[in-house]
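Coordinate analysis (summary)
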Amino acid sequence: MGNKTDKEGAMVTLEGGGEPLLSVRNLKVHFPMDEGRVRAVDGVSFDVQPGQVVGIVGESGCGKSVTMKAILRIVEPPGRIVEGQIMYHSRASGEAGTSKVRGTIDLVGLAPNGKEMRDIRGAEIALIPQEPMAAFSPVHTVGNQVIEAIRLHRDLSKSAARQLAVDTFRDVGISMPEQRIDSYSWQMSGGLRQRAMIAMALAANPRLLIADEPTTAIDVTTQAQILRLLRKLRFEYNSAIIFITHDLGVIAQMADYVVVMYLGKVMAQGPVDDLFHNPLHPYTQALLRSIPSVQSAPRVKLPTISGSIPHAFNRPKGCPFHPRCTSFMPGVCDRDEPELKAVDGRQLVSCFLFRDTPEVANGQA
Amino acid sequence: MEESLDTAPLLKEAIPEDRVSVASNAQLVWWRFTKHKPALVAMVVLFMFFVVLLFPAFFSIQEPELTDAKLAFIPSQSLHLFDGAKLRPWVPTVVGKRNPTTLRMEWKIDASKKIAVRFLSQGYPYKIFGLIPTRLHILGAVRADEQNRIYLLGTDRLGRDQWSRLMFATQTSMTIGMVSVALSIFLGVLLGGISGYFGGFVDLVIQRLIELLQSLPTIPIWLALSAALPRDWPPTRVFFAITIILALIGWTTLAREVRGRFLSLREEDFVLSAELVGCSRMRIILRHMVPTFSSHIIATSTLAIPVMIISETSLSFLGLGLRPPAISWGVLLQEAQNIQTLALAPWLLIPGLVVVIAVLAFNIVGDGLRDAADPYGK
Amino acid sequence: MLRFIMQRVLLMPVLLVVFSVIVFALVQAPPGDFLTSYAATLASSGSSIGETELQALRQTYGLDKPIYVQYLYWMGNLLRGDLGLSLEYQRPNAELIGERLVLTLALAAFSFIFTWIIAIPAGILSARHQHGPIDYFFTFFNYIGVAIPNFMLALILMWLGFSVLGISVTGLFSPEFEQAPWNLARVADLMKHMWLPAIVIGISGTARLTRVMRANLLDELNKLYVVTARAKGMSEWKLVLKYPVRLAINPLISTIGWYLPQLFSGSLIVATVMNLPNIGPLLLRSLISQDMYLAGSLLLIYAFLTIIGTLLSDILLALADPRIRMRG
């Protein structure tokens, strides 16, 4: 195992840049169930640079949401982080004014509900959840919940916190913030709710926002507005964003860097332009092929990825994607798991196609 | 997390997947039910109750009405299977002595003198289902002259054998519980179905009626109805009247449930697709809708039976339900009404224990069924 | 919501009139009347009463009139606030019921408080430790609590009190306070006696409520707003108590609608067994002796309490849940 971590540790330098804000290394989150062990996240590594937008793409069930929960340390039992590191570098973003956190911390080493983790959660790393309707409590006013988020991390009086909440509401483009703050989430429209949710996440001025499919539950026009808002706020608040989605179009608009996941593993990662214009991994290629394009011929069946995602309990042996892969190499792909390797200096790809000599006999399977 | 934790293949390990995909709803329910161990145990207990219900006389040892005031308040004699190392069942004798000051008989268990008993012995004559004459009983003394000396659960104030009475009481009380639930279901499904099916004015009238009945205080109304039964009615007629009284108040909950299910099912995709395929209305209701909620109905009614049993027991205990010579759990418990008597003969509470066991068993089985009734749910 | 409650309040008199008809029909249903059962009682105790005397009494009480006349007579009195005269006790019903009604309400209130104080924390603990030993303990207790008929529980407690401790746990007052006028000492004495019957009456409700609370909370704990709150950095207990517990309790409030009435009438059987001076035993007695005005008035009181219970739960629900309060 030590050998493996070394290899991935070496990866950091490859991505270049300064010290990352967050580095996830070989993260494994497993769910022991009666029926067997679900390897929801199985050896995921990536970095988030300060101010960077990292998109995590993948079909449902690929482990992107669990990865996000693991970073926040809110994976529900029976799920457990069984291996790996989540290094949070608090110095990385420069000004450390309000932060209670100093230096580099491995979040995996903290108690999930301990004081240290709770000081990071919400204050340093905040979450924008998927469905704003369900993400607010229906029996508390939105303001109540936003003010609570502020006062958890900042020593402010009730009225000062309320003022800050109103300001943040204005920042995220909610009109009449003084009135809206006293309404209930179900009295708001979908777009407004999502804005309020973003305001709540931003209120404590976090360095890292994790947006879990923030636009899936709202209609297309509002979606565009929310994306525009997030792009704007990213500069105003100087926060990095981990953007989780299955929508490649959104990724292309938002992200600087992309991580492609499949069945709990990273298939490929790299800067958004490289990954989209020169997709190396067969899975990435297949994903991109299945996007309808303005240029594509009308009335032609859209290419889809053949087969369906295997069930979590019977994950295929070898490369998880091999049963659906067009470049499947029998005897190689179904025997060993490929590792994430740098290819042409800019992308990291986990595929035997980019291996001179597949390590057949390393006995890992 | 939800994405990766699809629970559909819960049954995968036990049953091959291809069988799961073609299994009927009832099969799926049953498979899930069998995974719930307490429910299976409770099911076995219920099964034993049913066997007693069918053959109470076989399980009794003496005639339930056999009275002998001289033999009042004999404590229970425990049944021993082994005599030394040999399998030779026996019960200890009881010796009575009159207390000179209280003039009461005081009974002592004397384990040194054993009454040999055997299973499947010949006892008093009776007819199975009122048809087949026989003398076979589960247990009896080996020597016929000791026939009257086996009181597994003691005797009551009139020297009647509580064990044997309990067997007949089980028949009565279980029957009342189940028949009244069956009546409730009939009324509930009928009116609930009509209400949900026709909607509109009929629905409105039935709903108001249900609301009216539900806002009546249940227990006082029960009492008033039971008190209205003429005192001189024969036991069987009282039995049926009590059953109907219990059902009259119980059906409203069921009707609401059926109607609710009916209404929500009407909106389901599979009903729509059945309509689009061109199924007739009757076929949709009988083949598509009823099966999906029948398991819920079964679960709900299993959970309703213990409520009825407790109601019957309470009514009879208060003297407003069944009355002697009928024998039910409540009637048996009437003997335990007096605290002085109870202090003297605590075994008179045993019927209460049986009530608790029966109610527990029904509740556990009902819960198991309800959880299993939703094979694709969580 | 306010409109809904107003409708309910306005509907109450109508409902009560309907109930009064049902109730009167019920107390009239047994063959014969009070005097036949009175004569039977006399006969069984050896004495007898002449047919002419019976006729005379029948005329005095108006029992010879057609049923609808008797009903109107009863209703007329009720509207004037007169609950009528008990045929058996030969005293005004209001006098008989008065204190007993207060005790009935007090007992129900006590049981209710007991139920909620035990069931809510038990349900929370159970749900938070799902499949843990605490959960199994409460689940076991819940099954037992529902399975023991409350008169059985009363019997067992009375029996244990009598044979082990040598005390009588019946009644609501010590003998010296039974007829005493109300004062602090009497209230204290009442409290000393009330908790046991209150627990006996409340135990099955507690078991049920614990189960409902556990199930509701388990549902709520899976909701996204819990994840949001957790992601804010709230401490676990604080967030559980503020959000999911609050939401899990809301549906319980609507159960008050049937639980309170159940407590009123559930105390009836226990009261009879434990010899509690509330309206339960009085109803039982009046039903058996066909003391129809007393029985009718008592039944109507039960019905009234039931309606009030439902109304109360509607109001509380509206207060607790803004979604209900602000819509409609």
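Residues numbered from 1 in each chain as written. Chains lettered and ligands numbered in written order. Predicted model: local features only at pLDDT ≥ 70, side-chain atom pairs only at ≥ 80, totals over all residues. Heavy atoms only, no water.

1. Section: the pairing of strand β2 (residues 86–98) of chain B
All names here are of chain B. Judged from the three bridges that link them, strand β1 (residues 80–83) and β2 form a sheet pairing that is antiparallel. Each bridged residue has a counterpart across the sheet, and for Phe-82 the counterpart in β2 is Leu-87. One ladder, built from nine bridges, connects β2 with strand β3 (residues 105–128); its direction is antiparallel. Pairing of Val-91 across the sheet is with Ile-115, part of β3. Connecting β2 to the antiparallel partner β3 that follows it, the hairpin turn spans six residues, and Leu-103 within it adopts a positive phi of roughly 60°. (Pairing = 2+ DSSP bridges. Helix = DSSP H or I, 4+ residues; strand = E, 2+ residues; numbered from the N terminus.)

2. Some thoughts on the pattern of salt bridges
Residues and elements named next belong to chain B. If you walk through the whole model with that rule in mind, you get 28 salt bridges over all chains. Residue Arg-160 is joined to Glu-65 by a salt bridge in which the shortest nitrogen-to-oxygen separation is 3.6 Å. One end of the pair, Arg-160, is in the loop between β4 (132–141) and α5 (162–198); the other, Glu-65, is in the loop between α4 (56–59) and β1, with 95 residues separating them in the sequence. A single network of salt bridges, built from pairs that share partners, joins Glu-65, Asp-156, Arg-157, Arg-160, Arg-165 and Glu-335. (Salt bridge = Lys/Arg side-chain N within 4 Å of Asp/Glu carboxyl O.)

3. Some points on a nonpolar patch on the surface
All names here are of chain B. Taken together, the side chains of Leu-79, Leu-81, Phe-82, Leu-87, Phe-119, Leu-120 and Leu-136 make up a nonpolar region of the molecular surface, amounting to roughly 650 Å² of accessible area. Of all the elements in the fold, those that place two or more residues in the nonpolar patch are β1 and β3. Mapped onto the elements, Phe-119 comes out in strand β3. The class for Phe-119 is partly exposed, based on a relative accessible area of 39%. (Patch = residues over 30% accessible without salt bridge, like charges linked within 9 Å, V, L, I, M, F, W, Y side chains within 5 Å. Areas by Shrake-Rupley, 256 points an atom, 1.4 Å probe, with all protein chains shown as cover. Buried < 20%, exposed > 50% of the residue type's maximum accessible area, 1.4 Å probe, protein only.)

4. What to know about the sheet that holds strand β4 (residues 80–89) of chain A
All names here are of chain A. Here four strands make up an open sheet; going across it, the order is β2-β1-β4-β5 and the pairing antiparallel. Only two strands of the sheet have a single partner each, and these edge strands are β2 (36–48) and β5 (104–106). The sheet shows a mean angle of 15° between the axes of neighbouring strands, taken without regard to direction. As paired strands, strand β1 (residues 22–33) and β2 are joined by ten bridges and run antiparallel to one another. Each bridged residue has a counterpart across the sheet, and for Phe-31 the counterpart in β2 is Val-38. In the packing of helix α3 (residues 64–72) onto the sheet, the strands contacted are β1, β2 and β4, and the crossing angle to β1 comes to about 110°. (Axes fitted to C-alpha atoms, helices over the stretch in contact; angles between N-to-C directions. Contact = heavy atoms within 4.5 Å.)

5. Examining the domain arrangement of chain B
Annotation of chain B at the domain level lists domain 1 (77–150) and domain 2 (165–373). Here domain 1 of chain B and domain 2 of chain B have C-alpha centroids that lie 38 Å from each other. (Domains from an automatic or database assignment.)

6. Quick look at unusual backbone geometry
Here the amide bond leading from Pro-77 of chain A into Pro-78 of chain A is cis, since omega sits at 5°, within 30 degrees of zero. Within the element layout of this structure, Pro-78 of chain A appears in the loop between α3 and β4. With an omega of 10°, the peptide bond running from Pro-324 of chain B to Pro-325 of chain B counts as cis. Residue placement: Pro-325 of chain B occurs in the loop between α10 (281–317) and α11 (329–334). Unusually for a residue other than glycine, Arg-73 of chain A sits at a positive phi of about 60°. By the secondary structure assignment, Arg-73 of chain A is in the loop between α3 and β4.

7. Comments concerning the domain arrangement of chain A
Here chain A is described as being made up of domain 1 (125–205) and domain 2 (281–354). Relative to domain 2 of chain A, the C-alpha centre of domain 1 of chain A lies at a distance of 41 Å.

8. Focus on the interface of chain C and chain A
Note: interface size is frequently given as the accessible area lost on complex formation between the parts. The interface is formed by 22 residues belonging to chain C together with 31 residues belonging to chain A. Buried area between chain C and chain A, both sides added, is near 2,300 Å², and the carbon and sulfur share of it is 65%. Interface area lost by chain C to chain A is led by Leu-224, Ala-231 and Lys-232 of chain C, which between them contribute 25%. One can count two salt bridges joining chain C with chain A. Two residues, Lys-242 of chain C and Glu-148 of chain A, come together in a salt bridge whose shortest N-O distance is 2.9 Å. Summed over the shared surface of chain C and chain A, the number is ten residue pairs in polar contact (both at pLDDT 80 or more). Within the residue set of the side of chain C that touches chain A, elements represented by two or more residues are α9 (224–231), α10 (236–242), α11 (244–274) and α14 (322–326) of chain C. (Buried area = accessible area lost by both parts, 1.4 Å probe. Polar contact = N/O pair within 3.5 Å; in protein donor to acceptor, adjacent residues only side chain to side chain.)

9. Thoughts on the confidence of the model for chain A
Looking at chain A, pLDDT values average 79 and 84% of them are 70 or higher. The low-confidence segment residues 357–365 of chain A, where pLDDT is below 50, has ten contacts with residues more than four positions distant or belonging to other chains. (pLDDT = per-residue confidence, 0-100.)

10. Thoughts on empty space enclosed by the protein
It is a probe the size of a water molecule, rolled over the atoms, that shows where empty space is left. Under the defined criterion, the tally for this structure stands at eight cavities of 30 Å³ or more. Here the largest cavity defines a volume of roughly 100 Å³. In this structure, the largest cavity is lined by Gly-122, Ala-126, Leu-127, Ala-149, His-153, Met-197, Met-200, Ala-201 and Ala-204 of chain A together with Thr-228, Ala-231 and Lys-232 of chain C. Elements represented by at least two residues in the lining of the largest cavity include exactly β6 (125–128), α6 (142–153) and α9 (190–202) of chain A together with α9 of chain C. (1 Å grid on protein atoms, 1.4 Å probe; cavity = no way out; pocket = protein on both sides within 12 Å on 5 of 7 lines; lining within 4 Å. Points joined across faces, edges and corners; volume = space filled by probe spheres on them.)

11. Some thoughts on the nonpolar core
In terms of nonpolar packing, the biggest core is built from 175 residues, with Leu-223 and Trp-329 of chain B together with Leu-155 of chain C touching the most fellow members. The element contributing the most residues to this core is α11 of chain C, with 16 residues. Setting aside residues up to four positions removed in sequence, Trp-329 of chain B forms contacts with Phe-49, Leu-166, Ala-169, Thr-170, Ser-173, Met-174, Ile-309, Thr-313, Pro-351, Val-354, Val-355 and Ala-358 of chain B. (Core = buried A, V, L, I, M, F, W, Y, C linked by side-chain atoms within 4.5 Å.)

12. What about the packing of helix α2 (residues 34–44) of chain C against helix α3 (residues 51–61) of chain C?
All names here are of chain C. Direction vectors running N to C along α2 and α3 enclose 145°, while the axes themselves pass 10 Å from each other. Every pair of crossing elements has a handedness; the one defined by α2 and α3 is right-handed. Across the interface between the two elements, Leu-35, Thr-36 and Ala-39 from α2 touch Leu-54, Leu-57 and Arg-58 from α3. Along the lines of polarity and charge, the residues of the contact of α2 with α3 split into four nonpolar, one polar and one charged. (Left-handed = near helix turned anticlockwise from the far one by under 90°. Nonpolar A, V, L, I, M, F, W, Y, C, P; charged D, E, K, R; others polar.)

13. Some remarks on the interface of chain B and chain C
On the side of chain C, 38 residues touch chain B, which itself brings 39 residues to the contact. Interface area, chain B with chain C, both sides summed: about 3,400 Å², of which 83% is carbon and sulfur. Put simply, Asp-367 of chain B and Arg-211 of chain C hold a salt bridge, and the shortest N to O gap is 2.8 Å. Put simply, the parts of the chain that give the side of chain B that touches chain C at least two residues each are α7 (218–227), α10, α12 (339–344) and α13 (350–372) of chain B.

14. Brief notes about α3 of chain A
Within an α-helix, residues lying three or four positions from one another point in the same direction, as the helix has 3.6 residues per turn. Residue and element names in this part refer to chain A. Summarising burial for α3: nine of the nine residues are buried, a large majority. Along α3, the positions that sit buried rather than exposed are Lys-64, Ser-65, Val-66, Thr-67, Met-68, Lys-69, Ala-70, Ile-71 and Leu-72. Just past α3, the residue Arg-73 takes up positive phi, approximately 60°.

15. Some remarks on the packing of aromatic side chains
Centre distance and the angle of the planes are the two values used to describe a pair of aromatic rings. A full pass over the atoms with the stated rule returns 18 aromatic pairs over all chains. Between Phe-49 of chain B and Trp-329 of chain B the ring centres are 6.1 Å apart and the planes differ by 80°, which places this aromatic pair in the edge-to-face class. Within this pair, whereas Phe-49 of chain B is found in helix α3 (residues 37–54), its partner Trp-329 of chain B is found in helix α11, the two being separated by 280 residues in sequence. Considered together, Phe-49 of chain B and Trp-329 of chain B belong to a single accessibility category, that of buried residues. Taken together, the aromatic side chains of Tyr-262, Tyr-283 and Phe-321 of chain A make up a single cluster linked through ring pairs. The ring of Trp-237 of chain C carries Arg-128 of chain C above its face, with NZ or CZ at 5.5 Å from the centroid. The positively charged end of Arg-211 of chain C is found above the aromatic ring belonging to Tyr-143 of chain C, 5.3 Å away from the centroid. (Phe/Tyr/Trp six-rings, centres within 6.5 Å; stacked < 30°, edge-to-face > 60°. Lys NZ or Arg CZ within 6 Å of the ring centre and 35° of its normal.)

16. Comments concerning the environment of Leu-248 of chain B
Residue and element names in this part refer to chain B. Assignment of secondary structure puts Leu-248 in helix α8 (residues 235–266). The exposure class of Leu-248 is partly exposed, given its relative accessible area of 40%. It is 48 Å that separates the C-alpha atoms of Leu-248 and Ile-109, two residues lying 139 residues apart in sequence.

17. Looking at the state of the cysteines
Summed over the entire model, instances satisfying the criterion amount to zero disulfides over all chains. Not engaged in a disulfide, the cysteine Cys-62 of chain A finds its nearest cysteine sulfur in Cys-319 of chain A; these two sulfurs lie 14 Å apart. (Disulfide = S-S within 2.5 Å.)

18. Examining the sheet that holds β1 of chain B
Residue and element names in this part refer to chain B. The strand order across the open sheet formed by four strands is β1-β2-β3-β4, and the pairing between neighbours is antiparallel. Among the strands making up the open sheet, the edge pair consists of β1 and β4. When strand polarity is set aside, the average angle formed by the axes of neighbouring strands in this sheet is 50°.

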